[in-house]
Amino acid sequence: MLSARLIVIAVLAALSSVYVLAGAAGAVLVFAVQCLYTLWSRKWWLLAAQAVLVYWVTLGTGASVVVLGYLAGSLLVTRLWALAPGVVFSAVVIAYARGGDVLVTLDLAITTVLMTLIVPGLIRLVERVDEMHATRLALAAAAVGEERLRIAAELSDGLGRGLTLIGAGARRALAVPARASEVLGEVTGAARRSLADARSAAASYRAMSLGPELTTARAMLEAAEVAVEVRAGHTEPLGPAGALLAAVLREAVTDVVRRGAARTCLIETAEPGGTVRLRVTDDGRRTAEDDSLDDLRAQVRAAGGTLDGRLSAEGRFTVEAVLPAPNRRPEVREPTDVSVLLLAAVLVGFSVKGLLHVPPGLLLPAAAVLAAIVVMQLRSVTGRHMGALAVMAVLAYAPIPVFGPIWLGTQGFLAGPVLLAFRPLLAWPLVAAIVAGTGAVASLYDLPPQEWLNVTVNTLVTALVVYSLLRLAQLAEELKAARESLARSAVVEERLRAARDLHDLLGHSLAAILLKCELARRLPPERSRAELADVIAMAERAGHDLRSVSGEQRDLSLGAEAESAASVLRAARVAVTAELAHPELPAEVETVLSTVLREAVTNILRHSTARHCAISTSADGRTVRLRVRNDGARRSEARRGSSGLGNLTTRLAALDGRLTTSVEDGWFQLDASVTYGEALDPAGLGGDADGVGAVTRV
């Protein structure tokens, strides 16, 4: 990721700047080669070039031996890692040969070791970030695969066994007519239980998330030409609370669409104080009286929540539901090991360097204060902790009168987290003030200009290094959390897909099987054979639907669905006319329109007193339309809280399609349209001159 690479460049640039300012211009070349080796390629010739450069800069120009830490660190990530200690040892030898002072040599040795640790740490962190970024989709796919296996096991256990019993029972009834009535009673019971199980499973899968219902609500309102704004502030999954809030949302949005007076609508979710809140506000109501929420109000109250509707003085009506938030298991995310270990090593190394210059009598309190600063720094990895920042500020300045100018390097430890804690417009002036303050305090101790400049620059460099390492650690954590969140979201979406398929595909098949079984029980044995044959065929198709629900996608045929729909409706004594005038369609378009037809037929059987039904398809250029009309509709047929119509809206929206419903003169009409691909070519598809395929009557 670009952010990680920029941070790595910033760290290397800050470290190299110290040696450039000290007069070693060759450190610029070392920095450039190190960036290439870390971020671009681990070629052997780059490593060889780096070896030549660092020894030339160290021996030829007199630069600090710490530059050799670049080479030692690069060696640690290769098969030549055993050579790294030799490079560090050579740095110690060169430092001692130059000055002979043990304390100075020890200081340079510690700094070289720090550099040796920083370089491979940066390399591994970049690799880790790249790996997590590259595998995020694979992780989501693996999570979905596991969820599909679990769903398949659950459904096969109950519904699969039920379908097997239905098919076997229907065959026994055909084979032994004398026992047909008894066997059909068992089959009908199995069909009824299976249908209840399918609906229960669909409800439980759907209960995990409110997000898709927000998408459906947006689509429904936009289709009704209502300007809608959605502000989602909740965390998925919501469990049973999500299912209840989804029902409230569907009811409120359906009411807005049904009234047809609203021009704007705002949908908001939030989780304040251990609760989950949903608000739907529109400008299409003139009075506050409304009994459409009574049933849901009782359910919400039973779940420990509240549901109210109120009209504001500005004429905006708000439906607000508040439920207890689900008891989620706290997410304990351990920090990324490599990043934290690297940061801890650098902080401890800097601290040890500082302790080398502390008088023996003050060594113990200085070590204790530095240890506290290191702990506060490590807390910064997990977020913004203003308390820790305040403690660091006190520990960075209060001990100066006690320890003297040797304590001035600790201000860099404070400046790094400041860059993380505040916005850049505030953070950078604060860091400038810290660096300037360090220089001002150093001048009060009458330090030589070179030492004064060294303290000031080192404060800024330490700040940049600490900030970069903290930010890189946070970036790795954020990406890890994003991967996990993506996997969770993918699982939620998979469960919602299973819920839609259970409702739209398997639910329809089981409802049709139950209807056929009940019809066969009422008919004489000689007349029930056709119905039993239909039950067997439907059970086989339901088996295919079950496999589709568990992840084995299956394309549907609109023609076959129309024939099946006509058969089921006629069995329910509904007169059917079906005229299909669509051309050959892409599989995904035909499948979604077939699913719409299934849901429409299921609704006719469950929610109307229809005696006539008309099914038709047509095509106009790039748009294909399916229309289902039936009489016997009640005014409330555009039902409130219909998960089926919500499912269909979601499916159609995925193909840029639309779903509309209307009731007029006792007839309920459902229209689904999908625009796709290139304009339909009647000539190429065997259509007529009017731009539609040949009319097929079922």
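**Student:** Explain the overall build of the chain here, please?
**Tutor:** When its secondary structure is counted, the chain shows 22 helices and 11 strands. Among the 698 residues that make up the chain, the fraction classed as buried is 50%. If you take every contact in the chain between residues at least 6 apart in sequence, the share linking residues at least 24 apart comes to 73%. Accessible surface computed for the chain: about 31,700 Å², of which carbon and sulfur atoms make up 59%.

**Student:** What should I look at first to understand unusual backbone geometry in this one?
**Tutor:** A negative phi angle characterises most non-glycine residues, just as the trans form characterises most peptide bonds. Even without glycine at this site, Glu-225 takes up a positive phi of about 60 degrees. Overall, Glu-225 belongs to the exposed group, its relative accessible area being 69%. A positive phi angle is found at Asp-665, which is not glycine, with a value near 55 degrees. Residue position: Asp-665 is located in the loop between strand S9 (658-664) and strand S10 (667-675).

**Student:** What am I meant to see in the nonpolar core here?
**Tutor:** If you look at the biggest cluster of nonpolar residues, it comprises 88 residues, and the most contacted ones within it are Tyr-70, Leu-122, Ile-373 and Trp-407. In terms of residue count, the dominant contributor to this core is helix H18 (residues 449-522) (12 residues). The residues touching Ile-373, leaving out its near neighbours within four places in the chain, are Met-392, Leu-395, Trp-407 and Phe-413.

**Student:** Where do I start with the packing of aromatic side chains in this structure?
**Tutor:** Aromatic rings considered in pairs are described by the distance between their centres and by the relative angle of their planes. Tallied over the full model, the rule gives one aromatic pair. Their ring planes at 25 degrees and their centres at 4.7 Å tell us that Phe-403 and Trp-407 sit as a pair that is stacked. Trp-407 matches Phe-403 in its accessibility class, with the two residues each being buried.

**Student:** Is there a simple way to think about the environment of Leu-53 in this case?
**Tutor:** Position of Leu-53 among the secondary structure elements: in helix H3 (residues 44-60). Taking the C-alpha atoms as reference points, Leu-53 and Val-67, separated by 14 residues in sequence, lie 9.6 Å from one another. Setting aside residues up to four positions removed in sequence, Leu-53 forms contacts with Leu-29, Val-30 and Val-33.

**Student:** Which parts of the structure should I look at to understand H3?
**Tutor:** Its 17 residues place the ends of H3 23 Å apart at the C-alpha level, agreeing with the 24 Å of an ideal helix rising 1.5 Å per residue. Every buried residue of H3 is accounted for by Leu-46, Leu-47, Gln-50, Leu-53, Val-54, Val-57 and Thr-58. For H3, the arc enclosing every buried residue in end-on projection is 125 degrees, short of the 170-degree limit, so these residues lie on one face. Looking at H3, the residues exposed on the side facing more than 90 degrees away from the buried face are Trp-44, Val-52, Leu-59 and Gly-60.

**Student:** What should I look at first to understand the sheet that holds strand S5 (residues 317-324) in this one?
**Tutor:** Strand-to-strand pairing in sheets goes through backbone hydrogen bonds, with the strands running parallel or antiparallel. Overall, mixed pairing links the five strands, which are arranged S1-S2-S3-S5-S4 in an open sheet. Where the open sheet ends on each side, the last strands, each with one partner, are strand S1 (227-232) and strand S4 (306-311). Averaged over all pairs of adjacent strands, the angle between their axes in this sheet comes to 10 degrees, without regard to strand direction. Two strands pair when backbone bridges link them, and S1 and strand S2 (residues 264-270) are joined in this way by six bridges, in the parallel orientation. Among the inter-strand pairings, Glu-229 is bridged to a residue of S2, identified as Leu-266.

**Student:** Just checking my understanding: could you explain helix H16 (residues 411-421) for this structure?
**Tutor:** Since the α-helix turns once every 3.6 residues, residues separated by three or four places project in the same direction. Among the 11 residues of H16, 10 are classified as buried, and the element is accordingly described as predominantly covered. Within H16 the residues assigned to the buried category are Gln-411, Gly-412, Phe-413, Leu-414, Ala-415, Gly-416, Pro-417, Val-418, Leu-419 and Ala-421.

**Student:** Would you mind going over the pairing of S9 with me for this structure?
**Tutor:** Walk down a regular strand and you will see the side chains alternate between the two sheet faces. As judged from the seven bridges shared by S9 and S10, these two strands associate in the antiparallel manner. The partner of Leu-659 across the bridge, within S10, is Ala-672.

The rules behind each value
Residue numbers here run from 1 along each chain, matching the order of that chain's written sequence. Residue-level local features of this predicted model are given only where pLDDT is at least 70; pairs of side-chain atoms are given and counted only at 80 or more, and the full residue set underlies all totals for whole chains, interfaces and linings. Calculation of side-chain values draws on the structure's entire complement of heavy atoms; hydrogens and water are dropped beforehand. Segments assigned H or I by DSSP are reported as helices when at least four residues long, segments assigned E as strands when at least two residues long, and all are numbered from the N terminus. Summary of the burial criterion: residues with accessible area below 20% of their type's maximum are buried, those above 50% are exposed, and those between are partly exposed, where the area comes from a 1.4 Å probe applied to protein chains only. Whether two residues are in contact is decided by their heavy atoms, any of which lying within 4.5 Å being enough. In this description, accessible areas are obtained by the Shrake-Rupley approach with a 1.4 Å probe, and a residue is regarded as covered only by the protein chains that are shown. Side-chain atoms within 4.5 Å are what join buried Ala, Val, Leu, Ile, Met, Phe, Trp, Tyr and Cys residues into a set we call a nonpolar core. A pair of Phe, Tyr and Trp rings is counted when the ring centres sit within 6.5 Å of each other, with Trp represented by its six-membered ring. The angle between the planes then sorts it: under 30 degrees is stacked, over 60 is edge-to-face, the rest tilted. One fewer than the residue count of a helix, multiplied by 1.5 Å, yields its expected span. It is the directions from the helix axis to the C-beta atoms that the arc portrays. Between any two strands, at least two bridges found by DSSP are needed for them to pair. To get an axis, fit a line to the C-alpha atoms, keeping to the stretch in contact for a helix; angles then go from 0 to 180 degrees between the N-to-C directions.

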